[in-house]
Amino acid sequence: MGEYIDKRHESFLKKNKRHKILVLTAQAGVLAVFAALWEISAALGWIDPFLMSSPSRIWNTLAELYADGALFYHIWISLYETILGFVIGTAAGTAVAVIMWWSRSVREVLQPYVVVLNSLPKIALGPVIIVWAGTGQKAIVFMAVLISVIVTIITMLGGFMQTSPEKILLMRAMNAGKLQIFTKLVFPSNMSTLASCLKINVGMAWIGSIMGEYLVSRAGLGYLIVYGGQVFQMDLVMACTIVLCLLAGGMYFLVALLERFMVRWQS
């Protein structure tokens, strides 16, 4: 019986591995076909390469930026601003969510304002942020923090409030204090919520930093995109957009790896 179960398990693992390989192959194939069709369309004049660019033109633009030493400089500027906004926004939002969970009075007072700030278009606060933080990196990081912190508060507070009331009641019956309830039950049971919040904040932080670079920056990928649009260098715009996609995907992949450790720790 044991050997039969082992064989079934081994067969399941092989099928699962083959499925993953097929999915990755299909994903790579879709990307390759899309790039090939894009390049062929530009070469045959089906699309205007001046307006739509092409993979070869994008590659040449990236090669020129790399040769000039500008590519990694602008990548580092945007990456630094995004990571800083990501970390500060997540930490500050989680701290505020803890305070709102801890105090019902604070939660009832702040919750309407959090909802209003979440629905407010953050770009509308751009001029105010520039006045407060200046026109340097502080304003860009401020924008990234502002966008991610509200999402973090709402997500984490929702997870905290949905913690099993039966378990909380049981801990109270055992004379556990509020700090013990939070550290032993509420926060550990919301590791998956925190992981989901981190995944969301990857995109939010990039949106905030690029939005800030649109407004005030003199360096960074957002600045290059704006500059390329102003001088009609669509190759530069598309090249920076692709780099942004790769960086955002890389950050998401790292957060996904972190999620595995968080889930194991929760278990």
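Residues numbered from 1 in each chain as written. Predicted model: local features only at pLDDT ≥ 70, side-chain atom pairs only at ≥ 80, totals over all residues. Heavy atoms only, no water.

1. Re the overall build of the protein
Okay, so step 1: Scanning the protein from N- to C-terminus turns up 12 helices and zero strands.
Okay, so step 2: Overall, the protein shows an N-to-C arrangement of helices and strands of α-α-α-α-α-α-α-α-α-α-α-α.
Okay, so step 3: Projecting the C-alpha coordinates of the protein onto the three principal axes gives extents of approximately 75 × 70 × 30 Å.
Okay, so step 4: Taken over 267 residues, the protein has a buried fraction of 37%.
Okay, so step 5: Within the protein, contacts between residues separated by at least 24 positions form 71% of all contacts whose residues are at least 6 apart in sequence.
Okay, so step 6: Here the protein has roughly 16300 Å² of accessible surface; of this, 70% comes from carbon and sulfur atoms.
Okay, so step 7: Side chains of the protein carry 20 positive and 13 negative charges; the gap between the two charge centres is 14 Å. (Helix = DSSP H or I, 4+ residues; strand = E, 2+ residues; numbered from the N terminus. Buried < 20%, exposed > 50% of the residue type's maximum accessible area, 1.4 Å probe, protein only. Contact = heavy atoms within 4.5 Å. Areas by Shrake-Rupley, 256 points an atom, 1.4 Å probe, with all protein chains shown as cover. Lys, Arg positive; Asp, Glu negative; His and termini not counted. Charge placed at Lys NZ, Arg CZ, Asp CG, Glu CD.)

2. Focus on the confidence of the model for the protein
Okay, so step 1: Mean pLDDT over the protein: 84, with 94% of residues reaching 70 or higher.
Okay, so step 2: Mean pLDDT across the secondary structure elements of the protein bottoms out at helix α6 (residues 126-133), with 73, and peaks at helix α4 (residues 70-102), with 90. (pLDDT = per-residue confidence, 0-100.)

3. With respect to a nonpolar patch on the surface
Okay, so step 1: On the surface, Phe50, Leu51, Met52 and Phe232 cluster together into a nonpolar patch covering about 440 Å² of accessible area.
Okay, so step 2: Inspection of the secondary structure assignment puts leucine 51 in helix α2 (residues 49-52). (Patch = residues over 30% accessible without salt bridge, like charges linked within 9 Å, V, L, I, M, F, W, Y side chains within 5 Å. Salt bridge = Lys/Arg side-chain N within 4 Å of Asp/Glu carboxyl O.)

4. Some thoughts on the side chain of asparagine 201
Okay, so step 1: Within the element layout of this structure, asparagine 201 appears in helix α10 (residues 191-216).
Okay, so step 2: Assessed through its relative accessible area of 0%, asparagine 201 is described here as buried.
Okay, so step 3: Among the polar contacts made by the side chain of asparagine 201, one reaches the side chain of threonine 152 at a distance of 2.7 Å.
Okay, so step 4: Sequence-distant contacts of asparagine 201, defined by excluding residues within four places in its chain, comprise Phe86, Thr90, Ser148, Val151 and Thr152. (Polar contact = N/O pair within 3.5 Å; in protein donor to acceptor, adjacent residues only side chain to side chain.)

5. Some points on the environment of valine 106
Okay, so step 1: Tracing the backbone through its elements, the reader meets valine 106 in helix α5 (residues 104-119).
Okay, so step 2: Leave out the neighbours within four places in its chain, and valine 106 touches Ile99 and Met100.

6. Examining the packing of α5 against helix α7 (residues 137-161)
Okay, so step 1: Packing of α5 against α7 leaves a shortest axis separation of 10 Å and a crossing angle of 135 degrees. Taken together, the axis directions place α5 and α7 in an arrangement best described as oblique. Of the two possible hands of crossing, α5 and α7 adopt the one that is left-handed. The residues of α7 that touch α5, namely those facing Arg107, Gln111, Val114, Leu117 and Asn118, are Ile150, Val151, Ile153, Ile154, Leu157 and Met161.
Okay, so step 2: Along the lines of polarity and charge, the residues of the contact of α5 with α7 split into eight nonpolar, two polar and one charged. (Axes fitted to C-alpha atoms, helices over the stretch in contact; angles between N-to-C directions. Parallel < 35°, antiparallel > 145°, perpendicular 65-115°, else oblique. Left-handed = near helix turned anticlockwise from the far one by under 90°. Nonpolar A, V, L, I, M, F, W, Y, C, P; charged D, E, K, R; others polar.)

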